[in-house]
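The chain contents come next:
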Amino acid sequence: MTVQTVEVRFKGNRRGFFDWAVPTAPLRMNEPVLVEAERGLDFGRVNAVGDAAAAKCGGCSSCEVGAKDPLEGRGSKVEESAAPADIAIAAPAPAVAAQEAKPVADARARVVRRAGPRDSAQHEELRRAEDDVRRQATERVTQHKLAMRISDAEWQWDK
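Everything in this summary refers to the structure shown in the same document. (Residues numbered from 1 in each chain as written. Predicted model: local features only at pLDDT ≥ 70, side-chain atom pairs only at ≥ 80, totals over all residues. Heavy atoms only, no water.)

**Focus: the nonpolar core**
Part 1 of the argument: One finds V6, V8, F10, F18, W20, L27, V33, V35, V46 and V111 forming the largest nonpolar core, which totals 10 residues.
Part 2 of the argument: Elements that contribute at least two residues to this core include exactly β1 (4-9), β2 (15-20) and β3 (32-37). (Core = buried A, V, L, I, M, F, W, Y, C linked by side-chain atoms within 4.5 Å. Buried < 20%, exposed > 50% of the residue type's maximum accessible area, 1.4 Å probe, protein only. Helix = DSSP H or I, 4+ residues; strand = E, 2+ residues; numbered from the N terminus.)

**Thoughts on the sheet that holds β1**
Part 1 of the argument: Strands sit in the order β2-β1-β4-β3-β5 across an open sheet of 5 strands; the sheet is antiparallel. A single partner strand is all that each edge strand has here, and the edge strands are β2 and β5 (111-114). Between one strand axis and the next, the sheet turns by 45 degrees as a mean value, whatever way the strands run.
Part 2 of the argument: The pairing of β1 with β2 spans 6 bridges and is antiparallel. Paired with E7 across the two strands is F17, which belongs to β2.
Part 3 of the argument: Those strands touched by helix α1 (residues 50-57) are β1, β2 and β4 (40-49), and its axis lies near 105 degrees from that of β4.
Part 4 of the argument: Across the face of the sheet, helix α3 (residues 117-143) comes into contact with β3, β4 and β5 while running at roughly 105 degrees to β4. (Pairing = 2+ DSSP bridges. Axes fitted to C-alpha atoms, helices over the stretch in contact; angles between N-to-C directions. Contact = heavy atoms within 4.5 Å.)

**Overview of the pairing of β4**
Part 1 of the argument: In the sheet, β1 pairs with β4 via 4 bridges, with the strands oriented antiparallel. Within β4, the residue paired with E7 across the bridge is A48.
Part 2 of the argument: Where β3 lies against β4, 6 bridges are found, and the strand directions are antiparallel. Among the inter-strand pairings, E36 is bridged to a residue of β4, identified as L41.
Part 3 of the argument: Between β3 and β4, which pair antiparallel in sequence order, lie 2 residues.

**Points about the environment of V141**
Part 1 of the argument: Its location among the elements puts V141 in helix α3.
Part 2 of the argument: Leave out the neighbours within four places in its chain, and V141 touches L146, M148 and I150.

**Considering α3**
Part 1 of the argument: Counted at 1.5 Å a residue, the expected span for α3 with its 27 residues is 39 Å, and the 39 Å between its end C-alpha atoms agrees.
Part 2 of the argument: Burial in α3 covers these residues: D119, H123, L126, R127, E130 and V141.
Part 3 of the argument: In this structure, the buried residues of α3 make contact with β3, β4 and β5.
Part 4 of the argument: Directly after α3, the chain includes K145, whose backbone phi takes a positive value near 50 degrees. (Expected span 1.5 Å × (residues − 1).)

**Section: the environment of Q156**
Part 1 of the argument: Secondary-structure assignment places Q156 in the segment after α3.
Part 2 of the argument: Each C-alpha atom, one on Q156 and one on D42, is 5.4 Å from the other, the two residues being 114 residues apart in sequence.
Part 3 of the argument: Beyond its immediate sequence surroundings of up to four residues, Q156 is in contact with A37, R39, G40, L41, D42 and L126.
Part 4 of the argument: Within polar-contact distance, the side chain of Q156 engages the backbone oxygen of R39 at 3.2 Å.
Part 5 of the argument: Here the side chain of Q156 touches L41 through a polar contact of 3.2 Å, landing on its backbone oxygen. (Polar contact = N/O pair within 3.5 Å; in protein donor to acceptor, adjacent residues only side chain to side chain.)

**Looking at the packing of aromatic side chains**
Part 1 of the argument: What the rule picks out here adds up to 1 aromatic pair.
Part 2 of the argument: Relative to F18, the ring of F10 lies with its centre 6.0 Å away and its plane at 75 degrees, an arrangement referred to as edge-to-face. Each member of the pair, F10 as well as F18, is classed as buried. (Phe/Tyr/Trp six-rings, centres within 6.5 Å; stacked < 30°, edge-to-face > 60°.)

Shape descriptors only; they carry no functional weight alone.
Written as structure tokens, this is what we have:
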């Protein structure tokens, strides 16, 4: 099955690369989509597709598009800087690393589906609610005399 690489744009300048595995219905530029996020689903718009997205993604090491080693970026290597100096972390055994290797289609998060009119309406409602949340957070910072500024608030599509 052919997997289409897409770059998705989110609020602000945040972008990410995702897989779309429906070759009979390729995604188009600026099309709204729902994607797998770290903690659920998020709404974004397609910013680049196919070869253009793959070329932009070429510098990453978390998937086969940019990885030199097929296991690179998939948990087969341990970065020592990720752990505090007093904690020892051992690299996984070769058998475990081989089990963790997944097909290319699973290397990146995926586009779950095209966003429909209801999804777009929910997205707009969440964007309006973000201003209220930011204002409330700013009031609490002032009330508690904290030395901080709230610059932005963002709801993920599924809250």
